Structures are given as structure tokens and as C-alpha cells.
Amino acid sequence: MTSRPEVSLAQRKRELVSNELTEAALHLLALKGFDAVTVDEIVAAAGVSRRTFFRYFASKEDVVVQFLADMGSGIRAELAARPIEEQPSVALRHAVWVSVASCTDHSDKALRVVQLILRIPALRARFVERQAQWRDDLAAELARRLELDPDTDLYPQLAAGIALTAFDAVLQRWSGSDGTEDPAELIDQAFTIIAPALDGGPPVQLYRGR
């Protein structure tokens, strides 16, 4: 049996610096508000240089958004690993849940980040930009699984958009409850509602050309 590769020392160092910058930013944002906090204040609080900051993040918005940014690639990777015979709703529900669960494993920090993103227009806009890439990546994976042409079939893009809308709704409900609602139950509720649309989608390819 192959063991999982160990995280390298360099990668651990990168994660440590990234986490320190995020924690410093979250602390300052809670004290002063988003608009009042500068990159200089964040780097001073984290004990790193501006040069180091910009090696990790493009802007102060990204310090916050980056905490959730890898979830998109995680959703696609989980979807790719699901059994090919699974209905789209089942495979997508599992893929979305794994990413939400990894986020809620750090529930206090994740809750602060999600609430900031949903409350501050500049952060929300940056997160929406990231999600547009998630949608394209997820649509490409759905097209591959279902042997559809992503350039001519509407289903992959629509299904990816529906799944990510459910993801957004769950984050909003979870953050709006201050973390008291169970994300697993919210994911189940959301995908129960959208399953008919997801699982009824691929046959529309029969109508191509009309």
C-alpha cells in the first residue's frame, strides 16, 4: 500500500506564513474594519515584509478570500474521484460536502472569513471572481464524466452553476446562524431540492439541433 506523501518543510513554512498573515488580517479587520486596514499594518502585525506579503497574496482582499479559494479545486478533485456511475446530484453533493467539511474543520476561523466575505462588497466581488473559475472547472469535469461536449452542451455549465448556487446558499445560512446550523444537514437539504434538475439534465442532449 502506498503511503500518502509527506508535506515538505517548504510547504509547511508557506502554510505557516500564509496562516499568520490571515490571522493578522482577521484580527485587524475585526478591530478597525476592512477599509481602514492597510497592507503595511497586516505585515507589521504578522512580522513579515511587504515583499513576503506579495509573494503570497495579490491584495489585502486575497488574504481573506484565499482561505476559501482552494475549495474550488477541492470540489473538482472530489468529483473526479467519485464512481462514474453515480447520479450527478449524488457525486456533486459529496464533492461539495467534502470541501465544506474541510472548511468547517476550522469552524471559528472559517466562520469569521465567510461572514467577512458576505458582508464586505470588495471581498464578495473577489470571491465571485474565484467562483467563476470554479464553475468552468466543474463544468469541464462534468462534461468529461458524462461524455458531453462542453462547447455545445448546456448541461455541464448549468449543473455546475446550480451546484455552486447551493454551496453559496449553505454558506449564507451557516454564517447567518453564527455557525449554529449543521452544514451537513444544510447540504442535504439543498441537494434534495436541486437533485431533480441535476439528474434530469443530461437527456436534453437528445434535443440538440432542433
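As shown above, the structure is provided for reference.
Residues numbered from 1 in each chain as written. Predicted model: local features only at pLDDT ≥ 70, side-chain atom pairs only at ≥ 80, totals over all residues. Heavy atoms only, no water.

Colleague: Would you mind showing me how to read a positive patch on the surface here?
Modeller: Side chains of Lys13, Arg14, Arg51 and Arg55 sit close together on the surface and give a patch of like positive charge. Among the elements of the structure, α1 (9-32) and α3 (50-56) are those that each provide at least two residues to the positive patch. By secondary structure assignment, the location of Arg51 is in helix α3. (Patch = residues over 30% accessible without salt bridge, like charges linked within 9 Å, V, L, I, M, F, W, Y side chains within 5 Å. Areas by Shrake-Rupley, 256 points an atom, 1.4 Å probe, with all protein chains shown as cover. Salt bridge = Lys/Arg side-chain N within 4 Å of Asp/Glu carboxyl O. Lys, Arg positive; Asp, Glu negative; His and termini not counted. Charge placed at Lys NZ, Arg CZ, Asp CG, Glu CD. Helix = DSSP H or I, 4+ residues; strand = E, 2+ residues; numbered from the N terminus.)

Colleague: Can you help me understand empty space enclosed by the protein in this one?
Modeller: Empty space among the atoms becomes apparent when a probe as large as a water molecule is rolled across them. Scanning all chains against the criterion turns up one cavity of 30 Å³ or more. Empty space within the largest cavity amounts to approximately 40 Å³. At three residues, the largest contribution of residues to the lining of the largest cavity is made by helix α8 (residues 121-146). For the lining of the largest cavity, the class distribution of residues is four nonpolar, no polar and two charged. (1 Å grid on protein atoms, 1.4 Å probe; cavity = no way out; pocket = protein on both sides within 12 Å on 5 of 7 lines; lining within 4 Å. Points joined across faces, edges and corners; volume = space filled by probe spheres on them. Nonpolar A, V, L, I, M, F, W, Y, C, P; charged D, E, K, R; others polar.)

Colleague: Explain unusual backbone geometry here, please?
Modeller: Glycine aside, the phi torsion of most residues is negative, and most peptide linkages are trans. Even without being glycine, Glu147 reaches a positive phi, approximately 55°. With respect to the helices and strands, Glu147 occurs in the loop between α8 and α9 (155-176). On the basis of relative accessible area, Glu147 is assigned to the exposed category, the value being 73%. The phi dihedral of Asp178 falls on the positive side, at around 55°, and the residue is not glycine. Examined against the element boundaries, Asp178 turns out to sit in the loop between α9 and α10 (183-199). According to the relative accessible area criterion, Asp178 is exposed, its value standing at 54%. (Buried < 20%, exposed > 50% of the residue type's maximum accessible area, 1.4 Å probe, protein only.)

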